[in-house]
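Residue strings, one per chain:
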Amino acid sequence: MTSPLLRLEGLSVGYRTRDGVVPAVRGVDLTLARGEKLGVAGESGSGKSTLALALLRLLPPSATVTGRVLLDGEDVTEMGWGRLRAVRWAGASIIFQGAMHSLNPVQTIGDQITEPILRHQKVSRESADTRVAELLGQVGMLPDRARSYPHELSGGQRQRVMIAMALACEPDLVIADEPTTALDVMVQAQILTLIEDLVARRGISLLMISHDLSVLSDVCDRLAIMYAGRVVEVGPADEVFRQARHPYGAALASAFPTVGDPASRMRPQGLAGDPPDPQALPSGCAFHPRCAVRLEHCDAVDPQLWPATEGHDVACVRVLPDDGRSLAPGPTRAEEAAR
Ligand SMILES: Nc1ncnc2c1ncn2[C@@H]1O[C@H](COP(=O)(O)OP(=O)(O)OP(=O)(O)O)[C@@H](O)[C@H]1O
Ligand code: SF4
Ligand SMILES: [Mg+2]
């Protein structure tokens, strides 16, 4: 079996704040095969962006990372800066949500796409210009758009430019963090199809983040559901979307948030309560205060991922042979934080 392109081992991220550490990602293990498309879903604050930023060490200085991020066997958390710079474009690149904030307002988009090509690939200015025209064509834009400044483009066009930039150095992995949330519904669909198409044609692996499970299940091969900084369910996209085994995954799948509606993003329909404060997580299963099918011992045991069916892992006592009654109570949050 070939080794996965990306392997996260016990990845945890805490943000230091004046009120103590915010545990944003807690012990995530995930793999992504070459050419595979993995979707990551979860409500606002579940740790999706923190996870994405940790993959390329783009977190702010207040963040502390533990665990390993193995990209093609190399641990990103231990790379020197020179190596990391090269990996950020040529190994893996990231598409953020709001293109306007990521593009330089005083530089033409042609120059912005050319920059990483000249820096990371030993090519002449002329070949770089040809490559920019090609990339713009691939994202459905005319080559003369290279002379435009970001403010001269629509939101959808700016997001296309971000995609062209992410593909410029032919990375093995593209990370897309809510790449369409800021766009209107029609443009969202076009951009998603474009990303899907380009990664499939080039055999690029994709890690796509969204709060919207239905979008991810269309695009991705596998889905991971995050809750309170943990992956609570991961498996084949269709299976997780249609037959989620974790009560939170099931609630998210049936929520069908209205595409483009910020309110449904913040509060999935049919799911009572709010996500917990990461600094005051409930005991046992962190989802238990909102879980419609909780058992009486769910506030005492902290279930880890367990294979519910082959290739489909779920962190819920209900998938365990004895409903997890034989599990010793998990560590208290204070004990976990002290580790
Ligand atoms: N720089 C920071 N300092 C302190 N806490 C932070 C920081 N960035 C994020 N957090 C906290 O970490 C947790 C995870 O945030 P993150 O942005 O990763 O969530 P998300 O799943 O991407 O949410 P959304 O869907 O809203 O984008 C949240 O509780 C958030 O408030
Ligand atoms: S462990 Fe208990 S509370 Fe948590 S999701 Fe499963 S049934 Fe619900
Ligand atoms: Mg986010």
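Everything that follows concerns the structure shown earlier in this document.
Remember, predicted model here, so these are calculated numbers, not experimental data. (Residues numbered from 1 in each chain as written. Chains lettered and ligands numbered in written order. Predicted model: local features only at pLDDT ≥ 70, side-chain atom pairs only at ≥ 80, totals over all residues. Heavy atoms only, no water.)

Peer 1: What should I look at first to understand the pattern of salt bridges in this one?
Peer 2: Pairing is possible between side chains that carry opposite charge, provided their charged atoms lie close to one another. What the rule picks out here adds up to 14 salt bridges. Notably, a salt bridge pairs Glu 43 with Arg 290, separated by 2.9 Å at the nearest N-O pair. Within this pair, whereas Glu 43 is found in the loop between β3 (37-41) and α1 (48-55), its partner Arg 290 is found in the loop between α11 (262-266) and β11 (306-309), the two being separated by 247 residues in sequence. Accessibility expressed as a relative area gives 10% for Arg 290, which makes it buried. For Glu 74, the salt bridge goes to Arg 83, with nearest N and O atoms at 2.8 Å. Assessed through its relative accessible area of 41%, Arg 83 is described here as partly exposed. Salt bridges linked by common partners bring Arg 7, Glu 9 and Arg 68 together as one network. (Salt bridge = Lys/Arg side-chain N within 4 Å of Asp/Glu carboxyl O. Helix = DSSP H or I, 4+ residues; strand = E, 2+ residues; numbered from the N terminus. Buried < 20%, exposed > 50% of the residue type's maximum accessible area, 1.4 Å probe, protein only.)

Peer 1: Please clarify how the site of ligand 2 should be interpreted in this entry.
Peer 2: Residues in close proximity to ligand 2 total 13 residues, the closest being Cys 285, Cys 291, Cys 298, Cys 316 and Val 317. Along the lines of polarity and charge, the residues of the shell around ligand 2 split into nine nonpolar, two polar and two charged. (Near = heavy atom within 4 Å. Nonpolar A, V, L, I, M, F, W, Y, C, P; charged D, E, K, R; others polar.)

Peer 1: Sorry, what's going on with the side chain of Glu 178 here?
Peer 2: With respect to the helices and strands, the residue Glu 178 is situated in the loop between β7 (173-177) and α7 (185-202). According to the relative accessible area criterion, Glu 178 is buried, its value standing at 4%. Within the structure, the side chain of Glu 178 is placed 3.2 Å from the side chain of His 211, a separation counted as a polar contact. (Polar contact = N/O pair within 3.5 Å; in protein donor to acceptor, adjacent residues only side chain to side chain.)

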